[in-house]
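Residues per chain are reported as follows:
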Amino acid sequence: MNYALGVEVQPLLATITIVTIITYIFTYLINREKCSNWIASKFLGDKDSIKKLSVLSKERRQIELERNSISAQDQYAKWTKLNRKLNKLNDEITGLSEKISSEQSKHINTISRLIMIVQNAPMYFVKFWYARTPVLLFIQNTPYSWKIPFPLSYLMRMPMGQRNSVSALFWCMAVEGVLSVIHTFGVDFYKHFCNTEPIVAEAKAPTEEKI
């Protein structure tokens, strides 16, 4: 498609731009640590231990309610018995929780890496597969020909793309740079103008007046 400004836009430009934007957004929206912990807690680990932990937790709540409903002075024997049972349950729950956490922690790093690969795989594919494919062509020998300095022209067609063009790799990097600037500006704008938390001024120590 030729334009009067001397630039020919390739069909791949829109696809690469959309993929870059979506990948960038998902990279910042998805918290890999929280997502990994959630997957590990839901789908990994000993299911019997997790089920047992749930049963013990319910039993502990019932005993706590029963113990709190009686007076330690009026029903000391029963209160003491419930308290000992509660302490035993607490120890058992603590040990079981540590065991489950230890088993799940072995998988969290692996899951986090897999999520990172899934997040960035489309972008890596575009960058390397279409690295030399031009997305913009600067038409020469026209009244609107672009006279781009050689260093900039070489940078825009990296790596070793067609002359007088913008490669897909450079375009991806440019879009990511623009998105990064917008993201940084948005975060700073929110912190300065949309944060409703009151700012507490530091109290200054009283100074003695000089006589």
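Residues numbered from 1 in each chain as written. Predicted model: local features only at pLDDT ≥ 70, side-chain atom pairs only at ≥ 80, totals over all residues. Heavy atoms only, no water.

Caption draft 1: Geometry of the confidence of the model for the protein chain. Considering every residue of the protein chain, the mean pLDDT works out to 75; 76% of them sit at 70 or more. Per-element confidence in the protein chain is highest for helix 3 (residues 47–68), whose mean pLDDT is 85, and lowest for helix 2 (residues 32–43), whose mean pLDDT is 70. Contacts of residues 198–211 to residues separated by more than four positions or lying in other chains number zero contacts, the stretch itself having pLDDT below 50. (pLDDT = per-residue confidence, 0-100. Helix = DSSP H or I, 4+ residues; strand = E, 2+ residues; numbered from the N terminus. Contact = heavy atoms within 4.5 Å.)

Caption draft 2: The UniProt feature "transmembrane region" (unreviewed entry) in the protein chain, seen in detail. Here, UniProt's "transmembrane region" (unreviewed entry) annotation points to residues 12–30 and 166–186. Along residues 166–186 the backbone is 90% helical and 10% strand, and the end-to-end C-alpha distance reaches 28 Å. (UniProt positions renumbered as here; feature names shortened; annotations may be inferred.)

Caption draft 3: Summary view of the nonpolar core. Membership of the largest hydrophobic core is limited to 12 residues, which are Leu12, Leu13, Ile16, Met123, Val126, Val135, Leu136, Phe138, Met156, Val166, Ala168 and Cys172. Those elements that place two or more of their residues in this core are helix 1 (12–29), helix 4 (76–129), strand 2 (134–138) and helix 6 (168–194). Counting residues in hydrophobic clusters, the runner-up holds 10 residues, among them Leu53, Leu82, Leu86 and Ile93. (Core = buried A, V, L, I, M, F, W, Y, C linked by side-chain atoms within 4.5 Å. Buried < 20%, exposed > 50% of the residue type's maximum accessible area, 1.4 Å probe, protein only.)

Caption draft 4: Highlighting the packing of aromatic side chains. Considering all chains together, one arrives at two aromatic pairs under this definition. When the ring of phenylalanine 125 is compared with that of tryptophan 129, the centres are 5.8 Å apart and the planes differ by 10°; the resulting orientation is stacked. Placement of both phenylalanine 125 and tryptophan 129 in helix 4 is noted, with a separation of four residues, approximately one turn of the helix. Accessibility expressed as a relative area gives 45% for phenylalanine 125, which makes it partly exposed. With relative accessibility at 60%, the residue tryptophan 129 sits in the exposed group. (Phe/Tyr/Trp six-rings, centres within 6.5 Å; stacked < 30°, edge-to-face > 60°.)

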